[in-house]
Amino acid sequence: MGSSGGSLTTRSTGELHRLMRAAGFTGIDDTQALAEGWQVTDFADAGRRSLANLVQRTGEPAVMVSFLDSDVGFIEALTPDGSSWEGLLNREVAKSYDIPLEHFPIEPAVAGALAWSAAAGLTPDEEAIRQTLTGSALFAEELSSALSLALGLPGAT
């Protein structure tokens, strides 16, 4: 079992790569601009407090998905006011990795995702969020893209 990095989505008016490095992210890849200032950047690794550090520096909400061999995605999301939620992508595969699914209950993740989206000024799709958190795909990155759409991120595909 190895790691295959992750993906960070946030709004930023500053130079996102510089802000990410300062927050503890490494192996930062190209950034894809979405719409309304939202950006998606892949990274190789993040420190334990990297997401919190970035949100504090930018003053903007962010959602991060860390991938395990492209099979499973661990979601962490945070808003500047300290509201957070976490979730898991590709639960069936996660079960085969002996990841304790009870540590990632669906309903609190759905509620957290809805609250995060509202705090970010987005219009989420509750049913699509639930489907993404319970669905399966060959690659967890596919579910991560579906989550971006479900959260209402402008310009997500």
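Residues numbered from 1 in each chain as written. Predicted model: local features only at pLDDT ≥ 70, side-chain atom pairs only at ≥ 80, totals over all residues. Heavy atoms only, no water.

Overview of the overall build of the chain
Across its full length, the chain holds 6 helices and 8 strands. Moving toward the C terminus, one meets the helices and strands of the chain in the order β-α-β-β-β-β-α-β-β-β-α-α-α-α. Against the compact-globule benchmark of 15 Å for 157 residues, the chain has a radius of gyration of 14 Å, which places it among compact chains. In terms of overall dimensions, the chain has C-alpha extents of about 40 × 35 × 25 Å along its principal axes. Burial statistics for the chain: of 157 residues in total, 46% are counted as buried. Within the chain, contacts between residues separated by at least 24 positions form 56% of all contacts whose residues are at least 6 apart in sequence. Carbon together with sulfur atoms contributes 49% to the accessible area of the chain, which is approximately 7500 Å² in total. (Helix = DSSP H or I, 4+ residues; strand = E, 2+ residues; numbered from the N terminus. Rg over C-alpha atoms; globule rule 2.2 N^0.38 Å. Buried < 20%, exposed > 50% of the residue type's maximum accessible area, 1.4 Å probe, protein only. Contact = heavy atoms within 4.5 Å. Areas by Shrake-Rupley, 256 points an atom, 1.4 Å probe, with all protein chains shown as cover.)

Here we look at the packing of aromatic side chains
The geometry of an aromatic ring pair comes down to the distance between the two centres and the angle between the two planes. The final tally for this structure, using the stated rule, is 3 aromatic pairs. Ring geometry for Phe25 and Phe43: centres 5.0 Å apart, planes at 75°, overall edge-to-face. Of the two residues, Phe25 sits in strand E2 (residues 25-26) while Phe43 sits in strand E4 (residues 38-43), which places them 18 residues apart along the sequence. No difference in accessibility class separates Phe25 from Phe43, as the two residues are buried. (Phe/Tyr/Trp six-rings, centres within 6.5 Å; stacked < 30°, edge-to-face > 60°.)

Observations concerning the sheet that holds strand E7 (residues 72-78)
Sheet strands pair via backbone hydrogen bonds, and the direction of the pair is either parallel or antiparallel. Strands sit in the order E3-E4-E1-E6-E7-E8 across an open sheet of 6 strands; the sheet is antiparallel. Of all the strands in the sheet, just strand E3 (31-33) and strand E8 (84-89) have a single pairing partner and so form its edges. When the angles between neighbouring strand axes are averaged without regard to direction, this sheet yields 15°. Across 6 bridges, the pairing between strand E1 (residues 6-11) and E4 is antiparallel. Bridging from a neighbouring strand, Thr10 pairs with Gln39 of E4. Lying over the sheet, helix H4 (residues 106-119) contacts E4, strand E6 (62-68), E7 and E8, oriented at roughly 125° with respect to E8. (Pairing = 2+ DSSP bridges. Axes fitted to C-alpha atoms, helices over the stretch in contact; angles between N-to-C directions.)

Structural notes on the confidence of the model for the chain
On average, residues of the chain carry a pLDDT of 94, and 98% of them reach 70 or more. Averaged pLDDT values for the elements of the chain fall to 90 in E3 and rise to 98 in helix H5 (residues 126-134). (pLDDT = per-residue confidence, 0-100.)

Looking at the side chain of Thr132
Within the secondary structure, Thr132 sits in helix H5. On the basis of relative accessibility, which here comes to 6%, the residue Thr132 falls in the buried class. Polar side-chain contacts of Thr132 include one of 2.8 Å to the backbone oxygen of Ala128. (Polar contact = N/O pair within 3.5 Å; in protein donor to acceptor, adjacent residues only side chain to side chain.)

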